[in-house]
Amino acid sequence: MIGVLVSGEGTNLQALIDAGLPIAAVASNRPGVRALARAEAAGVPTAVFEAEDYASREERDEALARWLAQRGVELVVLAGYMQLLRPRFFEVFGRRIVNTHSAPLPEFPGPHPIEDVLAAGVSETAATVHWVDEGVDTGPVIRVEPVPVEPSDTPETLRARVQAVEHRLLPEVVKELIAA
């Protein structure tokens, strides 16, 4: 079973739902985000774990991990989850956490990969699926698919093309991981 962590719109979550993957739970660090509505519409249990509701982020991540584990989650997918996970989360899920990133790694880590790619003036970016560790986009890459950068690209146009690849690539990789 899969647990998905979200922080916003939830387009990668929707791609996982549309692929028919066995999603047991969806959690967010932010209430009221569109991703939670997508999960609820698909009949998937949801919960919100705001950092300010806990004495520390470590306690929040421990509660989050416990909630996912109680729902039978074996693989965690970060789908636009904009928080670094704390060691207590890794104590429960170890190296069974994957993420998608809108640029090649390790070249363009961090929260603004599209903007970083455009600022670097490179001719190619990528949709990358990688294992999550305690660093910022430092886990081993599972699969990467190149996406050309066009001379006329804006952050919006490039993001749309990369997301189209992510929406196909992430469900493919997750299917392979749960079948292994």
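Just above, that's the structure.
Presented here is an overview of the structure given in this document. (Residues numbered from 1 in each chain as written. Predicted model: local features only at pLDDT ≥ 70, side-chain atom pairs only at ≥ 80, totals over all residues. Heavy atoms only, no water.)

One way to put it is that helix α5 (residues 113-120) packs onto helix α6 (residues 155-179) with a least axis distance of 10 Å and a crossing angle of 120 degrees. Of the two possible hands of crossing, α5 and α6 adopt the one that is right-handed. Touching Ile114, Glu115, Val117 and Leu118 of α5 are Pro155, Leu158, Arg159 and Val162, all from α6. Class assignment for the residues of the contact of α5 with α6 results in six nonpolar, no polar and two charged. (Axes fitted to C-alpha atoms, helices over the stretch in contact; angles between N-to-C directions. Helix = DSSP H or I, 4+ residues; strand = E, 2+ residues; numbered from the N terminus. Left-handed = near helix turned anticlockwise from the far one by under 90°. Contact = heavy atoms within 4.5 Å. Nonpolar A, V, L, I, M, F, W, Y, C, P; charged D, E, K, R; others polar.)

Turning to the layout of surface pockets, a few remarks are in order. By volume, the largest pocket amounts to about 820 Å³. As for the largest pocket, its lining consists of 37 residues, and the residues nearest its centre are Gly80, Tyr81, Met82, Thr100 and Pro111. Sorting the residues of the lining of the largest pocket by element identifies α1 (11-18), β5 (97-101), α5, β6 (124-131) and α6 as the ones contributing at least two each. Looking at the lining of the largest pocket residue by residue, the classes come out as 12 nonpolar, 18 polar and seven charged. (1 Å grid on protein atoms, 1.4 Å probe; cavity = no way out; pocket = protein on both sides within 12 Å on 5 of 7 lines; lining within 4 Å. Points joined across faces, edges and corners; volume = space filled by probe spheres on them.)

This part is about the pattern of salt bridges. Counted under the stated rule, the structure contains 12 salt bridges. Across the pair Asp61 and Arg60 runs a salt bridge whose closest N-O atoms are separated by 2.7 Å. Of the residues examined, Arg60 reaches a relative accessible area of 0% and is grouped as buried. In this structure, the salt-bridge partner of Glu172 is Arg168, at a minimum N-O distance of 3.6 Å. Placement of both Glu172 and Arg168 in helix α6 is noted, with a separation of four residues, approximately one turn of the helix. Using a relative accessible area of 32% as the deciding quantity, one classes Glu172 as partly exposed. Look at Arg168 and you get partly exposed, because its relative accessible area is 37%. A single network of salt bridges, built from pairs that share partners, joins Arg143, Glu145, Arg168, Glu172 and Glu176. (Salt bridge = Lys/Arg side-chain N within 4 Å of Asp/Glu carboxyl O. Buried < 20%, exposed > 50% of the residue type's maximum accessible area, 1.4 Å probe, protein only.)

With their axes 9 Å apart at the nearest point, α1 and helix α2 (residues 34-41) run at an angle of 15 degrees to one another. For the element pair α1 / α2, the angle class is roughly parallel. Where α1 crosses over α2, the handedness of that crossing is right-handed. Listed contacts from α2 to Thr11, Leu13, Gln14 and Ile17 of α1 are Ala35, Arg38 and Ala39. Of the residues contributing to the contact of α1 with α2, the split by class is four nonpolar, two polar and one charged. (Parallel < 35°, antiparallel > 145°, perpendicular 65-115°, else oblique.)

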